[in-house]
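What follows is the residue order along each chain.
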Amino acid sequence: MTGSPEGSLASLQAGATALAALGPAARGDLARRTALAVVAAADAWVEAAVAIKRATGATAGAVAAEETATGPLATLRLLLVTARSLREIAATGLPRPAAPPRVLHRGGGDASFIGVEVLPERWLADRAMFGGHSGTVRCANPGDLASFERSWRQECRERPRQGGVAAVLGAGNVTGLAVADVVSQVFEHGRAAFVKLHPVHVGDGR
């Protein structure tokens, strides 16, 4: 993006307003199109990341595998999960997690939480990739599972329409981190994102 900072922010704000007006099906389609764009740029992305690491004396082969996994591959997975979740929200009002939400009890008199399984996904490839690993998001328990579902449904409906512009500060060691933050801002919050890359990524030209 070129031009004055004021012009850039005005353009981002206009984009954010248009994005916030999109329904979940349209945002899911945008996530799929973004995934295709990542596929088209994946080779150049990895080459640029490897060039940065090679400057520090790292071995090319190992670096290429690492940068592929943490850059375009991780981004593609995130976008595909996002697209699928948005399609499910369009159809039923909620995404379908890896397992039904359940009440978690910490014990010792502490308040309970609602557990939502997010890893691995239901896809066979995801279960093979993350075999032996699992990820659970602990959410506040509003009283019971039915109340939790109502509040979750409301959040899925209202949060992406808040709009606005977010500033994303990119880390220097993993190229996919800033992208993941942008995906979250765009598709979960309906915000445009102004990205400040780490200095190590500036000037490569790709």
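Details of the structure are given in the entry above.
This is a predicted model, so every value here is computed, not measured.

A. Main features of the pattern of salt bridges. A full pass over the atoms with the stated rule returns 11 salt bridges. For Asp126, the salt bridge goes to Arg77, with nearest N and O atoms at 2.6 Å. Placement of Asp126 in helix α4 (residues 124-129) and of Arg77 in helix α3 (residues 60-92) is noted, with a sequence separation of 49 residues between them. Taking the relative accessible area as the measure of exposure, Arg77 reaches 23% and is therefore partly exposed. Residue Glu121 is joined to Arg84 by a salt bridge in which the shortest nitrogen-to-oxygen separation is 2.0 Å. Taken together, the residues Glu121 in the loop between β2 (113-119) and α4 and Arg84 in helix α3 connect sequence positions 37 residues apart. Exposure class is identical for Glu121 and Arg84. Each is buried. Shared partners join several salt bridges into a network, and the residues in it are Arg84, Glu88, Glu121 and Arg122.

B. Quick look at the environment of Ser112. Positionally, Ser112 belongs in the loop between β1 (99-104) and β2. The class of Ser112 is buried, set by a relative accessible area of 19%. If near-sequence neighbours (up to four positions away) are discounted, Ser112 is found in contact with Val103, Leu104, His105 and Asn141. A polar side-chain atom of Ser112 sits 2.8 Å from a polar atom in the side chain of Asn141.

C. Spatial organisation of the nonpolar core. Leu79, Val116, Phe148, Trp152 and Phe187 are the most contacted members of the largest nonpolar core, which totals 20 residues. Secondary structure elements with two or more residues in this core: α2 (24-54), α3, β2, α5 (145-158) and α6 (175-189). Counting residues per element, this core draws most heavily on α3, at five residues. With residues near it in sequence (within four places) discarded, Val116 still touches Pro97, Pro101, Gly135, Thr136, Val137, Cys139, Phe148 and Trp152.

D. Main features of α6. If you check α6, its first and last C-alpha atoms are 22 Å apart, about what 15 residues at 1.5 Å a residue would give, namely 21 Å. All buried positions along α6 are accounted for by Thr175, Gly176, Ala178, Val183, Gln185, Val186, Phe187 and His189. At the exit of α6 stands Gly190, carrying a positive phi of roughly 70°.

E. Representation of the sheet that holds β2 within the structure. Across the sheet, three strands lie side by side as β1-β2-β3; this open sheet has antiparallel pairing. Every interior strand has two partners, whereas the edge strands, β1 and β3 (135-140), have only one. Averaged over all adjacent pairs, the angle separating strand axes in this sheet is 30°, with direction ignored. Where β1 meets β2, four bridges bridge the pair, whose relative direction is antiparallel. Counted as the bridge partner of Ala99 is Glu117 from β2.

F. Broad picture of the pairing of β2. Direction of pairing for β2 relative to β3: antiparallel, over a ladder of six bridges. Bridged to Ile114 within β3 is Cys139.

G. Highlighting the environment of Leu19. Position of Leu19 relative to the elements: it lies in helix α1 (residues 5-20). When the C-alpha atoms of Leu19 and Gly163 are compared, they prove to be 7.5 Å apart, with 144 residues separating the residues in sequence. Ignoring sequence-local partners within four residues, the contact set of Leu19 consists of Arg27, Leu30, Val186, Gly190 and Arg191.

H. A look at the state of the cysteines. Counting across every chain of the model gives zero disulfides. Cys156 takes part in no disulfide bond, and the closest cysteine sulfur to it belongs to Cys139, at a distance of 11 Å.

I. Molecular detail of α5. In a regular helix each residue adds 1.5 Å, so 14 residues correspond to 20 Å; α5 covers 20 Å between its end C-alpha atoms and thus fits that length. What α5 keeps buried is the set Ser147, Phe148, Trp152 and Cys156. Taking the backbone nitrogen of Ala146 as reference, a side-chain oxygen 3.3 Å away marks Asp144 as the first, capping residue of α5.

Criteria and thresholds
- Starting from 1, residues in each chain are numbered consecutively following that chain's sequence as written.
- Two thresholds apply to this predicted model, a pLDDT of at least 70 for residue-level local features and 80 or more for giving and counting side-chain atom pairs, whereas whole-chain, interface and lining totals are computed over all residues.
- As a convention, hydrogens and water are excluded, and side-chain values are obtained from all of the structure's heavy atoms.
- In what follows, salt bridge is the name for a side-chain nitrogen of Lys or Arg lying within 4 Å of a carboxyl oxygen of Asp or Glu.
- The helix and strand labels rest on DSSP assignments: H or I over at least four residues marks a helix, E over at least two residues marks a strand, and numbering proceeds from the N terminus.
- For the exposure calls, accessible area comes from a 1.4 Å probe over protein chains only, and a residue counts as buried if that area is under 20% of its type's maximum, exposed if over 50%, partly exposed in between.
- Contacts were defined at the residue level, with two residues in contact if any of their heavy atoms lie within 4.5 Å.
- Each polar contact in these results corresponds to two N or O atoms within 3.5 Å; when the atoms are within protein, one needs to be able to donate a hydrogen and the other to accept it, and residues that are neighboring in sequence are counted only if both atoms are side-chain atoms.
- Think of a nonpolar core as a cluster: buried Ala, Val, Leu, Ile, Met, Phe, Trp, Tyr and Cys residues, connected wherever their side-chain atoms sit within 4.5 Å.
- The span one expects for a helix is its residue count, reduced by one, times 1.5 Å.
- In this analysis, strands are considered paired if DSSP registers two or more bridges between them.
- Note on definitions: angles span 0 to 180 degrees between N-to-C directions of axes, and those axes are lines fitted to C-alpha atoms, for helices only across the stretch in contact.
- Criterion for a disulfide: a pair of cysteine sulfur atoms within 2.5 Å.

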